[in-house]
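# Architecture and fold: a report
Letter by letter, the chains look like this.
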Amino acid sequence: MARFRQRREERRVRLLILTGRGGKISFHALKLMKSNYHRFLIANSILFFGIGLFSPFWIIFIKDFGGIEQFGFAMGLMVLAQSATSYTIGRYSDRFGRKFFLIGAGFVMSGVIFAYTLINSIMALYILQVINGVLVAIQQTTEKAILGDLTEKVSRGTDVGRYEAVTSIMVGLAMILGGLVVGDLGIVGACQRPGGTL
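Quick caveat, the model's predicted, so the values are computed rather than measured.

## Here we look at the overall build of the chain
Looking only at helices and strands, the chain has five helices and zero strands in total. Along the chain, helices (α) and strands (β) appear in the sequence α-α-α-α-α when read from the amino end. The buried share of the chain, reckoned over its 198 residues, is 37%. In the chain, 79% of the contacts between residues at least 6 apart in sequence involve partners at least 24 apart. Surface accessibility of the chain: about 11,300 Å² in total, with carbon and sulfur atoms responsible for 66%.

## Regarding the pattern of salt bridges
This model, assessed by the stated rule, comprises three salt bridges. For D94, the salt bridge identified is with R98, shortest N-O distance 2.7 Å. Within this structure, D94, R98 and D149 form a network of salt bridges that share partners.

## Considerations on the packing of helix α3 (residues 98-116) against helix α4 (residues 122-149)
The contact between α3 and α4 brings their axes to 9 Å, and the two run at 150°. Between α3 and α4, the interaxial angle falls into the category roughly antiparallel. For the pair α3 and α4, the crossing hand works out as left-handed. Residue classes in the contact of α3 with α4 are distributed as 16 nonpolar, four polar and three charged.

## Comments concerning the confidence of the model for the chain
In this model, the chain carries a mean pLDDT of 77, and residues with pLDDT of at least 70 account for 73%. Per-element confidence in the chain is highest for α4, whose mean pLDDT is 90, and lowest for helix α1 (residues 2-19), whose mean pLDDT is 56. Contacts for the low-pLDDT stretch residues 194-198, under 50 throughout, to residues beyond four places or in other chains number 17 contacts.

## Observations concerning the packing of aromatic side chains
Taken as a whole, this structure holds four aromatic pairs when the rule is applied. Ring centres of F100 and F101 lie 5.5 Å apart, and the angle between their planes is 75°; this geometry places the pair in the edge-to-face category.

## A closer look at the nonpolar core
With 22 residues, the main nonpolar core has I62 and Y116 as its most contacted residues. At the level of secondary structure, the elements contributing two or more residues to this core comprise α2 (27-96), α3 and α4. Once residues lying within four places of it in the same chain are set aside, the contact partners of I62 are G67, F71, A74, M75, L125 and Q129. The next biggest cluster of nonpolar side chains, apart from the first, holds nine residues, and it includes Y37, F48, L147 and L150.

## With respect to a nonpolar patch on the surface
Together, V108, I122, M123, I127 and I131 make up a nonpolar patch on the protein surface, roughly 410 Å² of accessible area in all. Per-element accounting of the nonpolar patch gives the leading share, four residues, to α4. Here V108 lies in helix α3. You can call V108 partly exposed: its relative accessible area is 43%.

## Re the side chain of Q82
On the secondary structure map, Q82 appears in helix α2. The class for Q82 is buried, based on a relative accessible area of 17%. There is a polar contact of 3.0 Å between the side chain of Q82 and the side chain of Q140. Setting aside chain neighbours within four positions, we find Q82 in contact with G133, V136, A137 and Q140.

## Concerning the environment of I169
Mapped onto the fold, I169 is located in helix α5 (residues 156-197). With a relative accessible area of 52%, I169 lands in the exposed category. Considered as a pair, I169 and F48 are 121 residues apart in the sequence and their alpha carbons are 9.3 Å apart.

## Some points on α3
Residues lying three or four places apart along an α-helix face the same way, a consequence of the helix completing one turn every 3.6 residues. Along its 19 residues, α3 runs 27 Å from first to last C-alpha, staying within 8% of the 27 Å computed at 1.5 Å per residue. Within α3 the residues assigned to the buried category are R98, F101, L102, A105, G106, M109, S110, V112, I113, A115 and Y116.

Reading the values: rules and limits
- Residues numbered from 1 in each chain as written.
- Predicted model: local features only at pLDDT ≥ 70, side-chain atom pairs only at ≥ 80, totals over all residues.
- Heavy atoms only, no water.
- Helix = DSSP H or I, 4+ residues; strand = E, 2+ residues; numbered from the N terminus.
- Buried < 20%, exposed > 50% of the residue type's maximum accessible area, 1.4 Å probe, protein only.
- Contact = heavy atoms within 4.5 Å.
- Areas by Shrake-Rupley, 256 points an atom, 1.4 Å probe, with all protein chains shown as cover.
- Salt bridge = Lys/Arg side-chain N within 4 Å of Asp/Glu carboxyl O.
- Axes fitted to C-alpha atoms, helices over the stretch in contact; angles between N-to-C directions.
- Parallel < 35°, antiparallel > 145°, perpendicular 65-115°, else oblique.
- Left-handed = near helix turned anticlockwise from the far one by under 90°.
- Nonpolar A, V, L, I, M, F, W, Y, C, P; charged D, E, K, R; others polar.
- pLDDT = per-residue confidence, 0-100.
- Phe/Tyr/Trp six-rings, centres within 6.5 Å; stacked < 30°, edge-to-face > 60°.
- Core = buried A, V, L, I, M, F, W, Y, C linked by side-chain atoms within 4.5 Å.
- Patch = residues over 30% accessible without salt bridge, like charges linked within 9 Å, V, L, I, M, F, W, Y side chains within 5 Å.
- Polar contact = N/O pair within 3.5 Å; in protein donor to acceptor, adjacent residues only side chain to side chain.
- Expected span 1.5 Å × (residues − 1).

Next up, the structure:
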C-alpha cells in the first residue's frame, strides 16, 4: 500500500513538473527527485567519461581509415542519422519510458565501439556511423527529457548547469587521459578499453 502511494505521488510530481503547474509537493517526493537526479548525474558522468576517452581515437581512426573525403562523409552520415531519428525517439520515449531507451543505447554503444576495431571496408564504416548517429540521438534526447523530469521548475537552470558542468569535466579529463593511453594501447586498444567502460 505504501509503495502504491509512493508511485502515485511520483506520478503527480512528474505531472506538475511537465505541465509547469503549481501545487504542493511533499517533502518525500522532493527528496526522491533529488536522489534520482544525483544517481542520474553519477551514471551519466561515467558514461561521458567512456565517450570522452574514446572520442579522440574515434576521429583519428575514421580519418585514417578512409582519408579526409570519407571522414567528412562518415561524420555527415552520423549527424543526419541523429537528426532523422531524434523526434521519433522522443515520441516513443514518452510512450514507453525513457529508462529503457537510455540503458539499451548504452549497451549497444559499447558493442558498436568494439565493432570499429573489426571492420575492414568503408561501407562497414558508414553503417557503423549511421548506427552511432541513432544511438547518439537516443542518448541525447532521453538524457535531456529525464533531466527535465528530475528537476524542479524553480531550480531547473541550476540543476541543468550543474549537470552540464560535471559531465563536461568528465569528458575533458577523459580526453586528456586518452592522449596518454593511446601511446601504450594503440588505436585498437583505445577503442576496446572505453567500450568496456560503457
